[in-house]
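Residue-level structure breakdown
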Amino acid sequence: MSLTGRLSTAIGLFLVAVGLIGWTLMAFLHPGTDGGYTNYTVGHAAGAPVSVELQSVGSIGTGYGDHPTWVSYLQKDPATGKWIHDTSMILPANTVVHMTILNYDSGSPLRNQEWGQVQGTIGNTATLNGKSFKVYNSYTGNGVGHTFAVPSLDVSVPMIGVNGNLTNICGQAPCGSLPHNTITFSFKTGAPGSYNWQCFVPCGLGYLYGNGGGMSTFNYMGGFLKVVA
Amino acid sequence: MTNQSTNSTGQVHHLRRMTIIWVVLSVVGDVLFSIFVAPHVPPGRLSETAANNQNTFNVLMEMAIPVLLGVWVYLSYSLIVWGDKRNASAAFSGAAARTNKTAQVSWIVITSVTILFLAAYGSFAVITEHGSGGGEGPNPAWAPAGALKAETAALVGKATWSPGSKNVLPVQVIGQQWKFTYRYPTFGGFESPQLIVPADTTIAFNVTSLDVIHSFWAYQLDVKADANPGVNDVAFTETKNPGNFIVRCSELCGIWHGSMYNSGKVESQADFENWATTTEAANAANTALLPAFAWTYTPDANGADGGYYNDTNDPYSTVETYGSKQPS
């Protein structure tokens, strides 16, 4: 083989190897669905509060991607009213956000009861099915299924579990009128920036320490709050 | 050329000339470093540990600068004076340099003394700074006075601290995916996502984890200790003046590792006491539900349960309280 031929072969093999390595890395770096941002600033009047509605489900079902058994949050699109698999949102700065979260999942004692305390919300309170609470003893009742927490804002609210022994517990999102708990609270967004939010309950069942699967994949049990001026 | 740099036969005294150049440059380099760089070297001076480590780094740099300049001066001098185009037969070039006992002995003695001094200096700093802010494991080899007493008292809820008491303050650092939380056994064992410590106080950080390996890094305090599940890793520091510091996890621990940080504060002793007693009262309802204060808490791999509590209530068991009526 001529020198030119050998060189071409070597360069070709090199490019194929680089391509394979890059493709493999990208597959690892993007294991989940690319989550979009739901924009709450469109048509928002300055100073007015924003309302966000989420639901947390024990298994997302077949309608939202490749992991039907994974635990996940869903977000209600304010424009269409449909439940979408995007966990990130664009919010106006220094604005009160009224959160409503429908938890359809069962619960358990918390690994750390610290997350049973409502923190960082307005008044450090939340409501469970209309009743105000500040601390939830995860060792009682149905325990805590998930939390909604924004660590950089010190916001943390427990999502109280539903009865895990029910036969009609939701296993296919969106869950509609199936048994759930409604948790509401409000917090202020603060300065512009990007804040991650996450669940602090190791709810990725079947994975070591419960923090794999949906807990370790973007757009399932966490996301970002992009706060803009 | 001055008389100082030539011998009696008028030959240039290269070694003396190089030495003079080296000494002048080294003094200038060290002085410039001391004035313009040394005060700004991280991690700053928020704690005694940080200040001493900054001093140690600066001492090392001020010793390294002459070594670096020594190499550069010799190399530059050789290139300029003994280059092939100039005078390849000079006394310090080629074979003459390889057989020069003075040069060889000087090199071995100077480097040996330097290295031994740095080893002794570093060891002294680690011992006198009680581990120099690093995690020493559950049985610290170098604990400050009063630490053992305070730690023992913390376990039985009898640790005390008040402004001016000079007592060591134990603080527990709990790593979990993906946030550090902090327990204060001296104030009823409350737990908080905020890390606030008093000024002019020796702090005993007791670092552990509820899941995977994390690493507690309070940057401006110059404290860094691995957080291992089932292990109490103790690190000491002595705070100085009030100020802010950043806490980061420095062990890759999962998807939100990059977000596992928070701000901490060193406050005046009176302000700290006020914060601690206020938070103790505000968190009392939740503190009552926390497990008794211990150095470690043993999680298991059983999904959302985790054994932070006694593992008698398995959420997936048929014989426990799940499914009971929700509190009204």
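This structure is a prediction, so every number in the text was calculated from the model and none was measured. (Residues numbered from 1 in each chain as written. Chains lettered and ligands numbered in written order. Predicted model: local features only at pLDDT ≥ 70, side-chain atom pairs only at ≥ 80, totals over all residues. Heavy atoms only, no water.)

**Digging into the overall build of chain B**
Inclusion rule: Here a strand is any run of E in DSSP of at least two residues, a helix any run of H or I of at least four, and the numbering for each starts at the N terminus. When checking whether two residues touch, look at their non-hydrogen atoms; a contact exists if any pair is within 4.5 Å. Accessible surface area values rest on a Shrake-Rupley calculation with a 1.4 Å probe, where residue burial reflects the displayed protein chains alone.
When helices and strands are counted, chain B shows seven helices and ten strands. Within chain B, counting contacts between residues at least 6 apart in sequence, those at least 24 apart form 64% of the total. Taken as a whole, chain B presents about 16,500 Å² of accessible surface, with 62% of it coming from carbon and sulfur.

**Concerning the layout of surface pockets**
All names here are of chain B. Rules: Definitions used throughout: a 1 Å grid over protein atoms alone; a cavity as a set of points that fits a 1.4 Å probe which cannot get out; a pocket as an open set with protein on both sides within 12 Å along at least five of seven lines; a lining residue as one with an atom within 4 Å of a point. Grid points are joined across faces, edges and corners, and a volume is the space filled by probe spheres set on the points. Nonpolar residues are Ala, Val, Leu, Ile, Met, Phe, Trp, Tyr, Cys and Pro. Charged residues are Asp, Glu, Lys and Arg, and all others, Gly as well, are polar.
Of the volumes computed, that of the largest pocket is approximately 830 Å³. Lining of the largest pocket is provided by 23 residues; of these, G70, Y74, S106, W107 and I110 occupy positions nearest its centre. Elements that contribute at least two residues to the lining of the largest pocket include exactly α1 (14–37), α2 (48–81) and α4 (101–128). Per-element tally for the lining of the largest pocket: the top contributor is α4, with nine residues. A class-by-class count of the residues in the lining of the largest pocket yields 16 nonpolar, seven polar and no charged.

**As for the packing of aromatic side chains**
Residue and element names in this part refer to chain B. As a reminder, the rule being used: Within 6.5 Å between ring centres, the rings of Phe, Tyr and Trp (the latter by its six-membered ring) count as paired, and their orientation is classed by plane angle as stacked under 30 degrees, edge-to-face over 60, tilted in between. Charges are assigned to positions over rings by a cutoff of 6 Å between ring centre and Lys NZ or Arg CZ, combined with an angular limit of 35 degrees from the ring normal.
What the rule picks out here adds up to 23 aromatic pairs over all chains. Note on F180 and F216: the rings are 5.7 Å apart at their centroids and 80° apart in plane angle, and the pair reads as edge-to-face. One end of the pair, F180, is in strand β2 (residues 179–184); the other, F216, is in strand β6 (residues 214–218), and 36 residues separate them in sequence. Between the aromatic rings of F272 and W275, the centroid separation amounts to 6.1 Å while the plane-to-plane angle is 40°, which identifies the pairing as tilted. Residue F272 and its partner W275 are located together in helix α6 (residues 269–282), separated by three residues, close to a single helical turn. Through successive ring pairs, a cluster of aromatic residues spans W161, Y184, F187, F190, F272 and W275. Stacked on the ring of W217, the Lys or Arg K224 has its end atom at 4.6 Å from the ring centre.

**Topic: the packing of α1 of chain B against α2 of chain B**
All names here are of chain B. Put simply, the rule reads: Fitted lines through C-alpha atoms serve as axes, helices being fitted only where they are in contact, and the angles separating the N-to-C directions of these axes extend from 0 to 180 degrees. Crossings are assigned a handedness: left-handed for a near helix turned anticlockwise from the far helix by less than a right angle, right-handed for a clockwise turn.
Across the interface, α1 lies against α2 with an axial gap of 9 Å and an inter-helix angle of 145°. The crossing of α1 and α2 is right-handed. Between α1 and α2, the residues in contact are H14, R17, M18, I21, W22, L25, S26, G29, D30, F33 and S34 and N58, M61, E62, I65, P66, L69, G70, V73, Y74, Y77 and V81, respectively. For the contact of α1 with α2, a count of residues per class yields 13 nonpolar, six polar and three charged.

**Observations concerning the sheet that holds strand β7 (residues 126–128) of chain A**
Residue and element names in this part refer to chain A. To keep things clear, this is the line we draw: Pairing between two strands is assigned when DSSP locates at least 2 bridges connecting them.
One open sheet accounts for seven strands, arranged β4-β3-β2-β6-β11-β7-β8; its pairing is mixed. At either margin of the open sheet sits one strand with a lone partner, and together these are β4 (83–84) and β8 (131–133). With two bridges joining them, β7 and strand β11 (residues 181–188) adopt antiparallel strand pairing. Paired with L128 across the bridge in β11 is I183.

**Let's talk about the sheet that holds strand β7 (residues 223–227) of chain B**
All names here are of chain B. Spatially, β4-β10-β9-β6-β7 is the arrangement adopted by the five strands of the open sheet, whose pairing is mixed. Only two strands of the sheet have a single partner each, and these edge strands are β4 (195–198) and β7. Put simply, the sheet's adjacent strands are angled 20° from each other on average, direction ignored. Examined bridge by bridge, β4 and strand β10 (residues 261–267) share four bridges and lie parallel to one another.

**Overview of the pattern of salt bridges**
All names here are of chain A. As a reminder, the rule being used: Just to be clear on terms, a salt bridge is a Lys or Arg side-chain nitrogen sitting within 4 Å of an Asp or Glu carboxyl oxygen. Accessibility here uses a 1.4 Å probe with only protein chains present; expressed as a share of the type maximum, an area under 20% marks a residue as buried, one over 50% as exposed, and anything in between as partly exposed.
For the coordinates displayed, the defined rule picks out one salt bridge over all chains. Notably, a salt bridge pairs E53 with K76, separated by 3.8 Å at the nearest N-O pair. Linking E53 in strand β2 (residues 50–57) with K76 in strand β3 (residues 72–76), this pair joins segments that are 23 residues apart in sequence. Exposure remark for K76: the relative accessible area of 28% places this residue in the partly exposed category.

**Quick word on the state of the cysteines**
Two cysteines form a disulfide when their sulfur atoms are joined by a covalent bond. Which entries qualify depends on this criterion: Cysteine sulfur atoms that come within 2.5 Å of each other are treated as a disulfide pair.
A complete count under the given rule lists one disulfide over all chains for this structure. The residue that forms a disulfide with C170 of chain A is C175 of chain A, at a sulfur-sulfur distance of 2.0 Å. Judged by the torsion about the S-S bond (-75°), the C170 of chain A/C175 of chain A disulfide is left-handed. Judged by relative accessible area, C170 of chain A falls into the buried class, the value being 6%. With a relative accessible area of 4%, C175 of chain A lands in the buried category. Not engaged in a disulfide, the cysteine C199 of chain A finds its nearest cysteine sulfur in C203 of chain A; these two sulfurs lie 3.9 Å apart. Note on C249 of chain B: no disulfide assigned, nearest cysteine sulfur contributed by C253 of chain B at a separation of 3.9 Å. Under the relative-accessibility criterion, C249 of chain B is labelled buried at 7%.

**Things to note about the environment of G213 of chain A**
Residues and elements named next belong to chain A. Structurally, G213 is set in the loop between β12 (193–198) and β13 (222–228). Distance from G213 to T69, taken between C-alpha atoms, is 9.5 Å for residues 144 residues apart in sequence. In this view, G213 contacts W70 and Y207; residues no more than four positions away in its chain are not counted.

**Details of a nonpolar patch on the surface**
We apply this condition: Each patch is built from residues lacking any salt bridge and having more than 30% relative accessible area; the joining distance is 9 Å for like charges and 5 Å for nonpolar side chains (Val, Leu, Ile, Met, Phe, Trp, Tyr).
A grouping of I20, W22, V23, V24, V27, V28, V31, L32, I35, F36 and V37 of chain B is seen on the molecular surface, where their side chains present a nonpolar patch of about 930 Å² in accessible area. Within the element layout of this structure, V28 of chain B appears in helix α1.

**Quick notes on the nonpolar core**
To be explicit about the condition: Think of a nonpolar core as a cluster: buried Ala, Val, Leu, Ile, Met, Phe, Trp, Tyr and Cys residues, connected wherever their side-chain atoms sit within 4.5 Å.
F148 and F185 of chain A together with Y184, L195, F205 and F216 of chain B are the most contacted members of the largest nonpolar core, which has 75 residues in total. Those residues in contact with F205 of chain B that sit more than four places away from it in its chain are V171, V173, L195, V197, F216, L221, V223, D233, V234, A235 and T237 of chain B. Core analysis: the second largest hydrophobic core is formed by ten residues, V57, I60, L74 and L102 of chain A among them.

**Notes on the environment of S192 of chain B**
Operational definition: Definition of a polar contact: a pair of N or O atoms within 3.5 Å, with one able to donate and the other able to accept a hydrogen when the atoms are protein atoms, and with sequence-neighbouring residues admitted only if both atoms are side-chain atoms.
One can find S192 of chain B in strand β3 (residues 190–192). Classification of S192 of chain B as buried rests on a relative accessible area of 2%. A sequence separation of 91 residues divides S192 of chain B from N283 of chain B, and the C-alpha atoms of the two residues are 8.5 Å apart. S192 of chain B has contacts with E114 of chain A together with T181, Y182 and W275 of chain B, leaving out every residue within four places of it along the chain. Among the polar contacts listed, one links the side chain of S192 of chain B to the backbone nitrogen of Q194 of chain B, at a separation of 2.9 Å.

**A closer look at the confidence of the model for chain B**
Residues and elements named next belong to chain B. Keep this limit in mind: Note: pLDDT gives the predictor's confidence per residue, expressed from 0 to 100.
On average, chain B scores 84 in pLDDT, and the residues at 70 or more come to 83%. For chain B, the element scoring lowest by mean pLDDT is helix α3 (residues 95–98), at 65; β4 scores highest, at 97. Throughout residues 301–328 the model reports pLDDT below 50, and contacts reaching past four residues in sequence, or to other chains, amount to 89 contacts.

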